[in-house]
Amino acid sequence: MSLLYISKLAKLAEQAGAANQDAFAKASAAMADTLANKGLVHLYGSGHSVLPVQETFPRYGSYVGFNPLTDPRVMWHNVLGAGGVRELLWLERTEKYAEKFLDHQPLNAGDTIVIFGHSGRNASGIDTALYAKKRGMTVIAITAKANLDKPATHSSGKRLADAADIVIDTG
């Protein structure tokens, strides 16, 4: 059973690697250019999509130039009460909320931001992409293109992939 799972997982990873080859090259070039110009590469996600932000950023030491943007109000802390499911879902779906958090971050023209958002439909990720683009940043979205056939829920009519410069498809 486990070999079947692992072999299917390896096949999916190979397919995603092949499908995203151009996006990987563009994303790595954008991040390298940002770092070479003494800018920052920011990482953002909300809800479950904060997990890759945490995994990308090491626990001990650091990658110079990478800045995780983790708002504790849109991270899973518990099920009920403050920081619980209801509050988190409400905040990540409330338009303009992310802007309040981002207003206090070191985001500058020429920086790059990587936004993780599986569905690509929550206001949090879309607002972050739109905010970053207004400030002259390169936006990389890591999302599932399979969700592009679902209607946009954001007032802009965009999904995360629509608001990004570079899209990496999670498949």
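What you are looking at is a predicted structure, and each value in this text was computed from that prediction instead of being measured.

(A) Main features of the overall build of the protein chain. The helix and strand inventory of the protein chain stands at six helices and five strands. Its C-alpha radius of gyration of 16 Å places the protein chain within 12% of the 16 Å reference for a compact globule of 171 residues. Structurally, the protein chain occupies a C-alpha span of about 45 × 45 × 40 Å along its principal axes. Here the protein chain holds 171 residues, and 41% of them are scored as buried. The long-range share in the protein chain, meaning contacts at least 24 apart out of those at least 6 apart in sequence, stands at 76%. Working note: accessible area of the protein chain is about 9700 Å², and carbon and sulfur atoms make up 58% of it. A distance of 3 Å separates the average location of the 18 positive side-chain charges in the protein chain from that of its 16 negative side-chain charges.

(B) Expanded view of the packing of aromatic side chains. Tallied over the entire structure, the rule returns one aromatic pair. Ring centres of Tyr44 and Phe101 lie 6.5 Å apart, and the angle between their planes is 40 degrees; on these two criteria the pair is classed as tilted. Of this pair, Tyr44 sits in strand β1 (residues 41-44) while Phe101 is found in helix α5 (residues 97-102), placing the two residues 57 residues apart along the sequence. Residues Tyr44 and Phe101 agree in their burial class; the two are buried. In this structure, Arg135 is placed above the aromatic ring of Tyr131, and the distance from its NZ or CZ to the ring centre is 3.5 Å.

(C) Structural context of the pairing of β1. Of the two faces of β1, the one holding Val41 and Leu43 and the one holding His42 and Tyr44 are both buried throughout. Examined bridge by bridge, β1 and strand β2 (residues 66-69) share four bridges and lie parallel to one another. Counterpart to His42 in the pairing with β2 is Asn67. Pairing geometry for β1 and strand β3 (residues 112-116), over four bridges, is parallel. In the strand pairing of β3, His42 is matched with Ile113.

(D) Structural detail: the side chain of Asp169. Counting through the fold element by element, Asp169 comes out in strand β5 (residues 166-169). From its side chain, Asp169 meets the backbone nitrogen of Gly171 in a polar contact 2.9 Å long. Setting aside its immediate chain neighbours within four residues, Asp169 contacts Asn20, Thr143, Ala144 and Lys145.

Parameters at a glance
- Residues numbered from 1 in each chain as written.
- Predicted model: local features only at pLDDT ≥ 70, side-chain atom pairs only at ≥ 80, totals over all residues.
- Heavy atoms only, no water.
- Helix = DSSP H or I, 4+ residues; strand = E, 2+ residues; numbered from the N terminus.
- Rg over C-alpha atoms; globule rule 2.2 N^0.38 Å.
- Buried < 20%, exposed > 50% of the residue type's maximum accessible area, 1.4 Å probe, protein only.
- Contact = heavy atoms within 4.5 Å.
- Areas by Shrake-Rupley, 256 points an atom, 1.4 Å probe, with all protein chains shown as cover.
- Lys, Arg positive; Asp, Glu negative; His and termini not counted.
- Charge placed at Lys NZ, Arg CZ, Asp CG, Glu CD.
- Phe/Tyr/Trp six-rings, centres within 6.5 Å; stacked < 30°, edge-to-face > 60°.
- Lys NZ or Arg CZ within 6 Å of the ring centre and 35° of its normal.
- Pairing = 2+ DSSP bridges.
- Polar contact = N/O pair within 3.5 Å; in protein donor to acceptor, adjacent residues only side chain to side chain.

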